[in-house]
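Structural overview
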Amino acid sequence: MTPAVEVRDLVKRYPKRDVNAVDGLSFSVQPGEIFGLLGPNGAGKSTTIGVLTTRVKATSGEASVAGVDVIRDSVAARKLFAVVPQQTNLDRSLTPRQNLAFHAAYHGLSRADRNAKAAALLDEFGLADQADVKVDWYSGGMAQRLMIARAMMHEPKVLFLDEPTTGLDPQSRLFMWERVRDLRSRGVTVVLTTHDMDEAAEMADRVGIVDHGKLLALDTPEGLTRGLAGHAVLEVSVTPGDGDDPDKLIAALTDVVGVERGEAVAGGPIRLYLTTDPATVLAPVIAVLSGRSAALTNVHMGAASLEDVFIELTGRGLR
Amino acid sequence: MTDLDVRLPVTDARPSAAKAFRAILWRDIFVTGKEFWVFLAQVALQPLFMLFVFAKVLNAGGYVSDDYAHLLLPGIVALTAFLTALQTVSFPLIMEFSFTREIEDRLLAPLPTYLVALEKLLLAVIRALASAVVMFPIGALVLGSAPWHADGVPLLIASLVLGSWVGAGIGLVLGTMVPPSKISVIFAVILTPLMFTGATQYPWQSLDSMRWFQVVTALNPLTYLSEAVRAAVVPEVPHIPAWVCLLVLVGSGVAFTGIGIKGFMRRAVS
């Protein structure tokens with residue numbers, strides 16, 4: 001089957017820069033998949049999406065959407081994808097309804113088709129009551145919904161969502177997640193960029209982690225967390241005994257069989273990455289703690305999160 | 001899973017480009033129509049005041065002759081068309097490429113990117129011609145009469161079309177080169193000199209005694225539009241030969257369009 005998105009050995013170097021923004025990136029996305037592109041700021045996510053959406057010229061490599069080469073045949077490719085950018089780019093000279101109708105007209109839909117589709121999508125995205133006001137009056141969440149509705153007007157095969165829920169309230173975020181899953185059930189392939197780990201874990205079927213323009217890992221969210229050294233985590237909140245300090249305590253806990261490493265989450269609990277089941281480690285850990293007369297206040301067992309994978313791969317340094 | 005192998009008939013890109021071009025043009029005309037009174041005030045108010053003060057008020061005081069009004073009106077029409085075209089392209093483009101990003105939806109329409117720039121030029125010419133058509137009767141109303149020369153109509157139309165195209169081309173160059181923070185600089189450093197060195201308020205040959213200024217005005221494409229419009233409407237006033245005017249307008253239209261589209265492509269695709 002033709003992949004919905006295919007990127008091969010993609011390189012992009014902006015003029016007057018000495019490093020490549022995208023540096024030999026390759027991945028493919030299957031039809032109907034929700035694919036998350038994860039990475040710190042400046043990792044090359046947006047540039048990659050830029051190439052796929054014909055707004056950035058690739059330095060070398062290949063990229064295609066639904067089998068159409070976006071570099072050589074950008075006009076044909078534009079019919080097959082749609083983009084929802086992070087910042088609103090709605091047409092403020094038009095009403096929301098006209099935004100949808102004109103977008104469809106750009107893509108060649110007949111007048112009857114575009115009016116019917118606009119009405120249906122406005123309804124579906126909960127904007128029917130405010131379809132003929134000024135776009136300027138829209139809140140961030142409404143503008144976001146309208147942009148997704150606009151993207152769906154020309155029935156794209158692939159939808160690119162750039163940081164879809166950044167800055168949205170929880171209700172809008174939930175609504176957005178629901179709508180995106182809806183799109184998948186209709187057969188639309190979704191590629192989203194984010195640095196919200198929960199969002200990636202919640203939404204994406206597969207996640208690619210990108211940094212410095214290179215792909216560092218590519219798997220399902222479960223696969224990625226499983227692959228991380230230590231597939232389980234034990235969090236213990238403790239108050240160290242007199243004369244003891246957290247660092248020494250962590251060192252002592254790391255000696256327990258089954259604990260691979262430990263760290264103190266800034267001001268919070270001690271986080272132990274395990275190589276075995278948390279339940280088997282719990283008793284020895286408590287023994288160590290009481291041996292050092294530390295007071296245990298809370299215990300939490302859990303799996304490593306995508307965030308752990310992300311930090312492990314891309315480091316703690318600020319960008 | 002969807003079956004992407006059953007592909008849409010997307011290979012025929014040309015009809016889609018024509019449709020998209022028409023839709024984008026219609027969007028701009030639709031928005032112009034929606035704000036028609038604003039558009040009218042934008043293009044007509046300034047030249048109207050100029051006409052009123054220079055031809056009517058100064059004439060009442062005895063400072064300028066009656067003939068001057070008939071010489072000024074064609075110049076003002078030329079100026080209006082030229083500036084309307086320039087501003088139709090430049091200011092919206094500066095905003096659309098930066099703050100509002102409104103142009104993105106059109107850049108992602110299924111047509112070659114340079115056509116989005118050409119559409120801007122076409123719209124500008126349409127709006128400029130509309131403003132010129134409005135200026136003649138309004139000018140006649142202000143002055144009490146307007147010069148008319150039926151034989152000159154083909155030249156009048158040709159020069160207004162070419163002149164607005166040049167204005168639009170300059171607008172495209174400015175719109176893609178000037179960052180939004182420098183938008184007020186355009187007014188001060190570019191628009192004002194363009195307005196006053198364009199032979200709109202005086203015939204070019206009357207500058208024979210001011211050689212340096214004559215040279216400066218000869219560098220402004222607007223001069224050739226003003227001269228051509230006067231050649232069409234008041235042929236008895238000495239003017240640069242019409243064919244020279246049209247030739248210069250075509251040449252500068254091609255040059256500014258070329259530079260402008262290059263700038264547009266640089267902004268649209270990084």
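The structure presented is a predicted model; accordingly, all values stated were derived computationally and were not measured.

Conventions used here
Every chain begins its residue count from 1, and numbering advances along the sequence as written. Chain letters and ligand numbers both follow the written order, the letters beginning at A and the numbers at 1. A pLDDT threshold of at least 70 governs which residues receive local features in this predicted model, and a stricter bar of 80 or more applies before side-chain atom pairs are shown or counted, although totals over entire chains, interfaces and linings include all residues. Derived side-chain values reflect all non-hydrogen atoms in the structure, with water molecules and hydrogen atoms excluded from consideration. Numbering of helices and strands starts at the N terminus; helices are DSSP runs of H or I of at least 4 residues and strands are runs of E of at least 2. Computation of the radius of gyration draws on C-alpha atoms alone. For the globule rule, the value is 2.2 Å times the number of residues to the power 0.38. Each residue gets one of three labels from its accessible area relative to the maximum for its type: buried under 20%, exposed over 50%, partly exposed in between, using a 1.4 Å probe on protein chains only. For each structure, a 1 Å grid was placed over the protein atoms alone; sets of points admitting a 1.4 Å probe that cannot get out are labelled cavities, open sets with protein on both sides within 12 Å along at least five of seven lines are labelled pockets, and lining residues have an atom within 4 Å of a point. Grid points are joined across faces, edges and corners, and a volume is the space filled by probe spheres set on the points. Residue classes follow a fixed rule: Ala, Val, Leu, Ile, Met, Phe, Trp, Tyr, Cys and Pro count as nonpolar, while Asp, Glu, Lys and Arg count as charged, and any other residue, Gly among them, counts as polar. To count toward a patch, a residue needs a relative accessible area above 30% and no salt bridge. Like charges then connect within 9 Å, nonpolar side chains (Val, Leu, Ile, Met, Phe, Trp, Tyr) within 5 Å. For the area figures, the Shrake-Rupley method with a 1.4 Å probe applies, and any residue is considered shielded solely by the protein chains shown. Basic side-chain nitrogens of Lys or Arg form a salt bridge, by our definition, when they fall within 4 Å of a carboxyl oxygen of Asp or Glu. When DSSP finds two or more bridges between two strands, those strands count as paired. Angular values range over 0 to 180 degrees, each being the angle between N-to-C directions of two axes fitted as lines to C-alpha atoms, with helices fitted over their stretch in contact. The contact criterion used is simple: two residues touch if any of their non-hydrogen atoms lie within 4.5 Å. The set of buried Ala, Val, Leu, Ile, Met, Phe, Trp, Tyr and Cys residues whose side-chain atoms join them within 4.5 Å is what this entry labels a nonpolar core. The predictor attaches a confidence to each residue, called pLDDT, with possible values from 0 through 100. Angular relationships are summarised with four words: roughly parallel below 35 degrees, roughly antiparallel beyond 145, roughly perpendicular across 65 to 115, and oblique for the angles in between. Helix crossings get a hand from a simple test, with the near helix turned counterclockwise from the far one by less than a right angle marking a left-handed crossing and a clockwise turn marking a right-handed one. Aromatic contacts are taken between Phe, Tyr and Trp rings whose centres are within 6.5 Å, Trp giving its six-membered ring; a plane angle under 30 degrees counts as stacked, one over 60 as edge-to-face, and the others as tilted. By definition here, charges over rings are those cases where NZ of Lys or CZ of Arg is within 6 Å of the ring centre and within 35 degrees of the ring normal. UniProt positions are given in the numbering used here, feature names are shortened, and annotations may be inferred rather than shown by experiment.

**Concerning the overall build of chain B**
- Looking only at helices and strands, chain B has 10 helices and 0 strands in total.
- Computed over its C-alpha atoms, the radius of gyration of chain B comes to 21 Å, within 12% of the 18 Å expected for a compact globule of 270 residues.
- Taking the principal axes of the C-alpha coordinates as reference, chain B spans close to 85 × 35 × 35 Å.
- Here chain B, with 270 residues, has 53% of them falling under the buried criterion.

**Re empty space enclosed by the protein**
- Here the structure, examined in full by the defined rule, presents 1 cavity of 30 Å³ or more.
- Taken as a whole, the largest cavity holds about 40 Å³ of empty space.
- What lines the largest cavity is simply N89(A), L90(A), D91(A), L94(A), N99(A), F102(A), Y106(A), R150(A), E102(B) and D105(B).
- Per element, the largest residue contribution to the lining of the largest cavity is 3 residues, and it comes from helix 3 (residues 96-106) of chain A.
- In terms of residue class, the lining of the largest cavity is made up of 4 nonpolar, 2 polar and 4 charged.

**A look at a nonpolar patch on the surface**
- A grouping of L45(B), F49(B), F52(B), V53(B) and V57(B) is seen on the molecular surface, where their side chains present a nonpolar patch of about 450 Å² in accessible area.
- Tracing the backbone shows L45(B) in helix 2 (residues 36-60).

**Some thoughts on the pairing of strand 1 (residues 5-12) of chain A**
All names here are of chain A.
- With 5 bridges joining them, strand 1 and strand 4 (residues 60-65) adopt antiparallel strand pairing. Note that in strand 4 the partner of V11 across the bridge is S60.
- As paired elements, strand 1 and strand 2 (residues 22-29) share 6 bridges and run antiparallel to each other. Bridged to E6 within strand 2 is S28.

**Some thoughts on the sheet that holds strand 14 (residues 295-303) of chain A**
All names here are of chain A.
- The 4 strands lie next to each other as 12-13-11-14, forming an open sheet whose pairing is antiparallel. One side of each edge strand has no neighbouring strand; the edge strands of this open sheet are strand 12 (259-264) and strand 14. Between one strand axis and the next, the sheet turns by 20° as a mean value, whatever way the strands run.
- Helix 9 (residues 246-254) contacts strand 11 (232-239), strand 12 and strand 13 (270-274) of the sheet and is inclined by roughly 165° relative to strand 12.
- Packed onto the sheet, helix 10 (residues 278-291) meets strand 11, strand 12, strand 13 and strand 14 and runs at close to 160° relative to strand 14.

**Overview of the nonpolar core**
- Counting 85 residues, the largest nonpolar core has F82(B), L111(B), L160(B), L172(B), L225(B) and F264(B) as the members making the most contacts within it.
- Here this core gets 19 residues from one element, more than from any other, and that element is helix 3 (residues 66-97) of chain B.
- If we ignore the near neighbours within four places in the chain, the residues touching F82(B) are G163(B), V166(B), G167(B), I170(B), L194(B), L222(B) and L225(B).
- Judged by nonpolar contacts, the second largest core, of 35 residues, contains L127(A), V135(A), M142(A) and L183(A).

**A few points about the confidence of the model for chain B**
- Looking at chain B, pLDDT values average 89 and 94% of them are 70 or higher.
- Ignoring residues within four places in sequence, the model shows residues 1-13 of chain B, a span with pLDDT below 50, making 21 contacts including any to other chains.

**Remarks on the packing of helix 3 of chain B against helix 7 (residues 183-196) of chain B**
All names here are of chain B.
- With their axes 13 Å apart at the nearest point, helix 3 and helix 7 run at an angle of 165° to one another. On the basis of the axis angle, helix 3 is roughly antiparallel to helix 7. Helix-helix and strand crossings are classified by hand; for helix 3 and helix 7 the assignment is right-handed. Residue-level contacts link L79, F82, L83, L86, Q87, F91, I94 and M95 of helix 3 to I183, I186, F187, L191, L194 and M195 of helix 7.

**With respect to the packing of aromatic side chains**
- Under the counting rule described, the total for this entry stands at 11 aromatic pairs over all chains.
- Judged by centre distance (5.8 Å) and plane angle (50°), the ring pair of Y202(B) and F213(B) falls under tilted. In this pair, Y202(B) is assigned in the loop between helix 7 and helix 8 (211-218) and F213(B) in helix 8, connecting sequence segments 11 residues apart. Of the two residues examined, Y202(B) and F213(B), each falls in the buried class.
- Among the aromatic side chains, those forming a connected cluster through ring pairs are F102(A), Y106(A), W26(B) and F30(B).
- In this arrangement the basic side chain of R261(A) is found over the ring face of Y273(A), its NZ or CZ atom lying 4.1 Å from the centre.

**Some points on unusual backbone geometry**
- Of note in the backbone geometry, S293(A) takes a positive phi value of approximately 45° without being a glycine.
- Mapped onto the fold, S293(A) is located in the loop between helix 10 and strand 14.
- Here A199(B), not a glycine, exhibits a phi torsion of approximately 55°, which is positive.
- Following the sequence through the fold, A199(B) ends up in the loop between helix 7 and helix 8.

**Considerations on the UniProt feature "transmembrane region" (unreviewed entry) in chain B**
Residue and element names in this part refer to chain B.
- The UniProt record annotates "transmembrane region" (unreviewed entry) at residues 36-55, 75-100, 121-143, 155-178, 185-204 and 240-261.
- The span residues 75-100 shows a helical share of 88% and a strand share of 0%, and its end C-alpha atoms are spaced 35 Å apart.
- Helix makes up 100% of residues 121-143 and strand 0%, whereas the separation of the span's terminal C-alpha atoms amounts to 32 Å.

**With respect to the pairing of strand 4 of chain A**
All names here are of chain A.
- Alignment of strand 4 against strand 5 (residues 68-69), held across 2 bridges, turns out to be antiparallel. Each bridged residue has a counterpart across the sheet, and for V65 the counterpart in strand 5 is V68.
- Here strand 4 hands over to strand 5 after 2 residues, with A66 in that stretch at a positive phi of 50°.

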